[in-house]
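What follows is each chain in one-letter form.
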Amino acid sequence: MSSPLIDASAAPAGPALYDLTPRQRLEQVMSRLPPATSVLSEDSAAAPSRGELIEPLKRINEVMRGYGLEFNLDEDSGRWITRVVDRESGELLRQIPSEEVLAIARRLDQNQGLILRSSA
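First things first, this report covers the structure right here in the doc. (Residues numbered from 1 in each chain as written. Predicted model: local features only at pLDDT ≥ 70, side-chain atom pairs only at ≥ 80, totals over all residues. Heavy atoms only, no water.)

## Points about the sheet that holds strand β1 (residues 69-73)
For the record, the criterion: Each pair of strands is called paired provided DSSP finds at least two bridges between the two strands. Counting from the N terminus, the helices are the DSSP runs of H or I reaching at least four residues and the strands are the DSSP runs of E reaching at least two. Here, axes are lines fitted to C-alpha atoms. For helices the fit covers the stretch in contact, and angles between N-to-C directions go from 0 to 180 degrees. Here, residues are in contact when the closest pair of their heavy atoms is within 4.5 Å.
Here we have three strands laid out as an open sheet, ordered β1-β2-β3, and antiparallel in their pairing. Each edge of the open sheet is held by one strand with a lone partner, namely β1 and β3 (92-96). Each strand of the sheet is rotated relative to its neighbour by a mean of 20 degrees, with strand direction disregarded. Where β1 meets strand β2 (residues 80-85), five bridges bridge the pair, whose relative direction is antiparallel. Within the sheet, the bridge partner assigned to leucine 73 lies in β2 and is tryptophan 80. Of the strands in this sheet, β1 and β2 are in contact with helix α4 (residues 50-64), which crosses β1 at around 170 degrees.

Shown next as structure tokens:
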């Protein structure tokens, strides 16, 4: 079974997609998604590898760039990062989680081994 992200990204990329209203585009993409109960099976219980996520992530970013949204995977922490960007200037408006939260998470990951070693 293919990923719903890959199936949803198969929406036409030509001018026909841009002739639709945002609501119509959303409904068109949603109609191509599999039912919620069939998304995961016992065979696909394992999390996908980072390599398997790269292509769907690129497709999602291509579609969402027009809305000022970017999605990335932080290499250090493995956390998903969502950025809201001004479409005209490219200025970062908001990032979730923020850089500060990511820095704290990295620091906690570094110190985790020290805490365990000192208590053992």
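## Notes on the pairing of β2
The loop that links β1 with its antiparallel partner β2 comprises six residues; one of these, glycine 78, has a positive phi angle of about 75 degrees. With four bridges connecting them, β2 and β3 associate as antiparallel partners. Note on β3: the bridge partner recorded for arginine 83 is glutamine 95. Here β2 folds back onto β3, and the loop between the two strands holds six residues, one of which, glycine 90, carries a positive phi near 80 degrees.

## With respect to the pattern of salt bridges
Where we set the bar: We define a salt bridge as a contact between a side-chain nitrogen of Lys or Arg and a carboxyl oxygen of Asp or Glu at a distance within 4 Å.
Applying the stated criterion to the full structure yields three salt bridges. In this structure, arginine 59 engages glutamate 55 in a salt bridge whose closest nitrogen and oxygen atoms are separated by 3.6 Å. On the criterion of helical spacing, the pair formed by arginine 59 and glutamate 55 is a turn pair, its members being four residues apart in helix α4.

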